[in-house]
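Architecture at a glance
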Amino acid sequence: MTESAIERPAPGTRLKFRWRKWDGGVHWVHDCVYLGQDQWGDWFGQIPGWGSSRPARSFVADHANVTLMPPSGDYAFTHNAAPHRTRVYIDLAWDVRWSNGEPTGIDMDLDVVDRVDGGVYIDDRDEWDEHRVGYGYPADVVEFLDALASDLEREVTARTAPFDDTTVSHWLRQLAALELE
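Bear in mind that the values here come from a model prediction, so they are computed numbers and not experimental data.

Description of the pairing of strand β1 (residues 14-20)
Note on strand geometry: in a regular strand, side chains alternate between the two faces of the sheet. In β1, alternate side chains face the same way, and those of L15, F17 and W19 are buried while those of R14, K16, R18 and R20 on the opposite face are not. As paired strands, β1 and strand β2 (residues 26-38) are joined by 6 bridges and run antiparallel to one another. Note on β2: the bridge partner recorded for R18 is V29. Where β1 folds back on β2, the antiparallel hairpin that results is connected by 5 residues, among which G24 adopts a positive phi of roughly 95 degrees.

What to know about the nonpolar core
With 32 residues, the main nonpolar core has F77, I90 and L92 as its most contacted residues. At the level of secondary structure, the elements contributing two or more residues to this core comprise β2, β6 (65-69), β7 (75-80), β8 (86-99), β9 (102-115), α2 (139-158) and α3 (165-177). Looking at this core, the element that brings in the most residues is α2, giving 7 residues. Non-local contacts of F77, meaning those with residues more than four positions away in its chain, are made with W43, V66, T67, L68, V88, Y89, I90, P162, F163 and V168. Ranked by size, the runner-up nonpolar core spans 13 residues in total, among them W28, C32, M69 and A93.

A word on the packing of helix α1 (residues 125-134) against α2
Where α1 meets α2, the axes come as close as 12 Å, and the angle between the chain directions of the two elements is 170 degrees. Comparing their axes, α2 and α1 come out roughly antiparallel. Here R125, W128 and R132 of α1 lie close against α2, whose contacting residues are V142, L145 and D146.

So, unusual backbone geometry
Of the consecutive residues A82 and P83, the connecting peptide bond is found in the cis state with omega at 15 degrees. For the bond running from A161 to P162, omega is 10 degrees, close enough to zero to count as cis. Take P162: it is sitting in the loop between α2 and α3. Here E179, not a glycine, exhibits a phi torsion of approximately 50 degrees, which is positive. Its place among the elements puts E179 in the segment after α3.

Here's the deal with α2
The terminal C-alpha atoms of α2 lie 29 Å apart, and with 20 residues this matches the ideal 28 Å at 1.5 Å per residue to within 8%. Of the positions making up α2, those classed as buried are V141, V142, L145, L148, A149, L152 and V156. Each buried residue of α2 sits inside an arc of 130 degrees when the element is viewed along its axis, so together they form one side. Away from its buried face, by an angle of more than 90 degrees, α2 presents the exposed residues A139, D140, E143, R154, T157 and A158. Where the residues of α2 are buried, they touch β7, β8, β9, β10 (119-123) and α1. Within two residues after α2, R159 carries a phi angle of roughly 55 degrees, on the positive side.

Some remarks on the environment of P162
Overall, P162 belongs to the buried group, its relative accessible area being 4%. Distance in space between the C-alpha atoms of P162 and Q39 is 9.3 Å, their sequence separation being 123 residues. P162 has contacts with W40, W43, L68, F77, T167 and V168, leaving out every residue within four places of it along the chain.

Description of the packing of aromatic side chains
What the rule picks out here adds up to 14 aromatic pairs. Relative to F163, the ring of Y75 has its centre 6.4 Å away and its plane inclined at 40 degrees; by these criteria the two rings are tilted. With a gap of 88 residues between them, Y75 in strand β7 and F163 in the loop between α2 and α3 connect regions that are remote in the sequence. Each member of the pair, Y75 as well as F163, carries the same accessibility label: buried. On the numbers, 6.0 Å between centres and 15 degrees between planes, the contact of Y135 with Y137 is stacked.

Rules used throughout
Residues numbered from 1 in each chain as written. Predicted model: local features only at pLDDT ≥ 70, side-chain atom pairs only at ≥ 80, totals over all residues. Heavy atoms only, no water. Buried < 20%, exposed > 50% of the residue type's maximum accessible area, 1.4 Å probe, protein only. Helix = DSSP H or I, 4+ residues; strand = E, 2+ residues; numbered from the N terminus. Pairing = 2+ DSSP bridges. Core = buried A, V, L, I, M, F, W, Y, C linked by side-chain atoms within 4.5 Å. Contact = heavy atoms within 4.5 Å. Axes fitted to C-alpha atoms, helices over the stretch in contact; angles between N-to-C directions. Parallel < 35°, antiparallel > 145°, perpendicular 65-115°, else oblique. Expected span 1.5 Å × (residues − 1). Arc of directions from axis to C-beta. Phe/Tyr/Trp six-rings, centres within 6.5 Å; stacked < 30°, edge-to-face > 60°.

Structure representation (C-alpha coordinates):
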(Lines give C-alpha, C1' and ligand atoms only; values in the text may rest on other atoms or scores of the structure.)
Protein backbone atom coordinates (compact mmCIF):
# COMPACT_ATOMS: atom_id res chain seq x y z
CA MET A 1 0.00 0.00 0.00
CA THR A 2 1.42 3.39 -0.92
CA GLU A 3 1.91 6.11 1.68
CA SER A 4 -0.87 8.21 0.14
CA ALA A 5 -3.29 5.22 0.12
CA ILE A 6 -3.11 4.73 3.89
CA GLU A 7 -6.40 5.59 5.55
CA ARG A 8 -5.59 7.77 8.54
CA PRO A 9 -7.92 8.60 11.41
CA ALA A 10 -9.19 12.11 11.94
CA PRO A 11 -6.96 14.38 14.02
CA GLY A 12 -8.02 14.05 17.64
CA THR A 13 -8.63 10.28 17.44
CA ARG A 14 -7.33 8.36 20.47
CA LEU A 15 -5.10 5.39 19.61
CA LYS A 16 -2.57 2.97 21.00
CA PHE A 17 0.99 3.03 19.59
CA ARG A 18 1.98 -0.65 19.77
CA TRP A 19 5.60 -1.75 19.83
CA ARG A 20 6.83 -5.32 19.61
CA LYS A 21 10.20 -7.03 19.68
CA TRP A 22 11.90 -8.67 16.69
CA ASP A 23 10.53 -12.07 17.72
CA GLY A 24 6.95 -10.70 17.81
CA GLY A 25 6.81 -10.38 21.60
CA VAL A 26 4.82 -7.54 23.12
CA HIS A 27 6.80 -4.43 24.04
CA TRP A 28 5.60 -0.88 24.85
CA VAL A 29 2.01 0.25 24.31
CA HIS A 30 1.45 4.01 24.54
CA ASP A 31 -1.86 5.85 24.89
CA CYS A 32 -1.81 8.61 22.28
CA VAL A 33 -3.87 10.78 19.97
CA TYR A 34 -3.43 11.26 16.24
CA LEU A 35 -2.46 14.86 15.49
CA GLY A 36 -2.01 14.89 11.72
CA GLN A 37 0.58 14.67 8.99
CA ASP A 38 3.21 16.95 7.49
CA GLN A 39 6.17 16.52 5.13
CA TRP A 40 8.00 14.54 7.86
CA GLY A 41 5.29 11.95 8.44
CA ASP A 42 2.50 11.26 10.92
CA TRP A 43 2.43 12.91 14.35
CA PHE A 44 0.94 11.61 17.58
CA GLY A 45 0.62 13.21 21.00
CA GLN A 46 0.45 12.12 24.59
CA ILE A 47 -0.75 14.33 27.43
CA PRO A 48 0.17 14.22 31.12
CA GLY A 49 -1.76 11.45 32.85
CA TRP A 50 -1.85 9.09 29.88
CA GLY A 51 -0.14 5.75 30.26
CA SER A 52 2.58 3.69 28.69
CA SER A 53 3.07 0.05 29.58
CA ARG A 54 4.96 -3.09 28.71
CA PRO A 55 5.15 -6.45 30.44
CA ALA A 56 6.25 -5.84 34.06
CA ARG A 57 6.51 -2.04 33.73
CA SER A 58 4.25 0.97 33.29
CA PHE A 59 4.33 4.71 33.81
CA VAL A 60 2.12 7.75 33.41
CA ALA A 61 3.36 10.71 31.38
CA ASP A 62 4.23 13.75 33.50
CA HIS A 63 4.72 16.05 30.50
CA ALA A 64 3.15 16.39 27.08
CA ASN A 65 5.06 14.81 24.21
CA VAL A 66 4.73 14.40 20.47
CA THR A 67 5.97 11.49 18.37
CA LEU A 68 6.79 11.43 14.67
CA MET A 69 6.33 8.26 12.63
CA PRO A 70 8.24 8.96 9.40
CA PRO A 71 7.30 7.15 6.18
CA SER A 72 10.72 5.46 6.14
CA GLY A 73 9.54 3.22 9.01
CA ASP A 74 12.97 3.00 10.61
CA TYR A 75 12.53 5.13 13.72
CA ALA A 76 10.04 6.98 15.91
CA PHE A 77 11.07 10.42 17.18
CA THR A 78 9.57 11.62 20.46
CA HIS A 79 9.99 15.19 21.71
CA ASN A 80 9.09 15.79 25.36
CA ALA A 81 7.81 19.21 26.38
CA ALA A 82 9.78 21.20 28.96
CA PRO A 83 10.56 20.81 31.77
CA HIS A 84 11.12 17.10 30.98
CA ARG A 85 14.83 16.26 31.36
CA THR A 86 14.85 14.21 28.13
CA ARG A 87 14.18 16.57 25.24
CA VAL A 88 14.47 13.94 22.48
CA TYR A 89 14.12 10.19 22.49
CA ILE A 90 14.39 8.39 19.15
CA ASP A 91 13.66 4.68 19.04
CA LEU A 92 15.54 3.06 16.18
CA ALA A 93 13.04 0.65 14.74
CA TRP A 94 11.96 -1.61 11.96
CA ASP A 95 8.65 -1.73 10.13
CA VAL A 96 7.09 1.30 11.85
CA ARG A 97 3.78 1.71 10.06
CA TRP A 98 0.02 1.79 10.23
CA SER A 99 -1.53 -1.61 11.01
CA ASN A 100 -5.25 -2.11 11.57
CA GLY A 101 -5.72 1.63 12.00
CA GLU A 102 -2.99 2.06 14.63
CA PRO A 103 0.73 2.84 14.59
CA THR A 104 2.99 -0.15 15.21
CA GLY A 105 6.67 -0.98 15.01
CA ILE A 106 9.52 -3.23 16.05
CA ASP A 107 11.75 -1.66 18.70
CA MET A 108 15.37 -2.41 17.79
CA ASP A 109 16.91 -1.52 21.19
CA LEU A 110 19.08 1.35 19.95
CA ASP A 111 18.14 4.94 20.79
CA VAL A 112 19.26 8.50 20.16
CA VAL A 113 18.73 10.68 23.22
CA ASP A 114 19.08 14.41 23.93
CA ARG A 115 19.02 15.11 27.67
CA VAL A 116 19.10 18.53 29.24
CA ASP A 117 21.92 17.41 31.53
CA GLY A 118 23.77 15.03 29.20
CA GLY A 119 23.58 16.28 25.64
CA VAL A 120 22.99 14.12 22.57
CA TYR A 121 24.18 10.51 22.54
CA ILE A 122 23.40 7.02 21.24
CA ASP A 123 21.96 4.95 24.07
CA ASP A 124 21.53 1.26 24.84
CA ARG A 125 24.45 -0.02 22.75
CA ASP A 126 24.85 -2.86 25.26
CA GLU A 127 21.23 -3.95 24.77
CA TRP A 128 21.65 -3.53 20.98
CA ASP A 129 24.73 -5.77 21.01
CA GLU A 130 23.01 -8.39 23.16
CA HIS A 131 19.72 -8.45 21.23
CA ARG A 132 21.17 -8.37 17.73
CA VAL A 133 22.83 -11.69 18.57
CA GLY A 134 19.99 -13.08 20.70
CA TYR A 135 17.25 -12.20 18.21
CA GLY A 136 19.46 -12.84 15.18
CA TYR A 137 19.07 -9.46 13.52
CA PRO A 138 20.15 -9.72 9.86
CA ALA A 139 23.56 -8.17 9.13
CA ASP A 140 22.13 -5.67 6.60
CA VAL A 141 19.59 -4.45 9.20
CA VAL A 142 22.34 -4.03 11.81
CA GLU A 143 24.56 -2.12 9.37
CA PHE A 144 21.70 0.13 8.25
CA LEU A 145 20.51 0.97 11.79
CA ASP A 146 24.06 1.55 13.10
CA ALA A 147 24.58 4.12 10.33
CA LEU A 148 21.12 5.63 10.86
CA ALA A 149 21.77 6.07 14.60
CA SER A 150 24.94 8.06 13.80
CA ASP A 151 23.09 10.15 11.20
CA LEU A 152 20.24 10.89 13.62
CA GLU A 153 22.71 11.79 16.38
CA ARG A 154 24.23 14.41 14.05
CA GLU A 155 20.81 15.74 12.97
CA VAL A 156 19.54 16.03 16.55
CA THR A 157 22.76 17.77 17.62
CA ALA A 158 22.36 20.26 14.74
CA ARG A 159 18.61 20.54 15.48
CA THR A 160 17.71 20.19 11.82
CA ALA A 161 14.04 19.73 10.97
CA PRO A 162 12.08 17.83 12.13
CA PHE A 163 14.27 17.81 15.27
CA ASP A 164 14.10 21.59 15.63
CA ASP A 165 12.02 23.59 18.08
CA THR A 166 9.85 25.18 15.35
CA THR A 167 8.60 21.84 14.02
CA VAL A 168 7.87 20.26 17.39
CA SER A 169 6.37 23.46 18.83
CA HIS A 170 3.75 23.39 16.08
CA TRP A 171 2.72 19.85 17.02
CA LEU A 172 2.77 20.54 20.76
CA ARG A 173 0.40 23.46 20.08
CA GLN A 174 -1.85 21.14 18.02
CA LEU A 175 -1.91 18.72 20.97
CA ALA A 176 -2.76 21.49 23.46
CA ALA A 177 -5.52 22.82 21.18
CA LEU A 178 -7.36 19.50 21.46
CA GLU A 179 -7.95 20.25 25.18
CA LEU A 180 -7.85 16.58 26.10
CA GLU A 181 -8.08 15.20 29.62
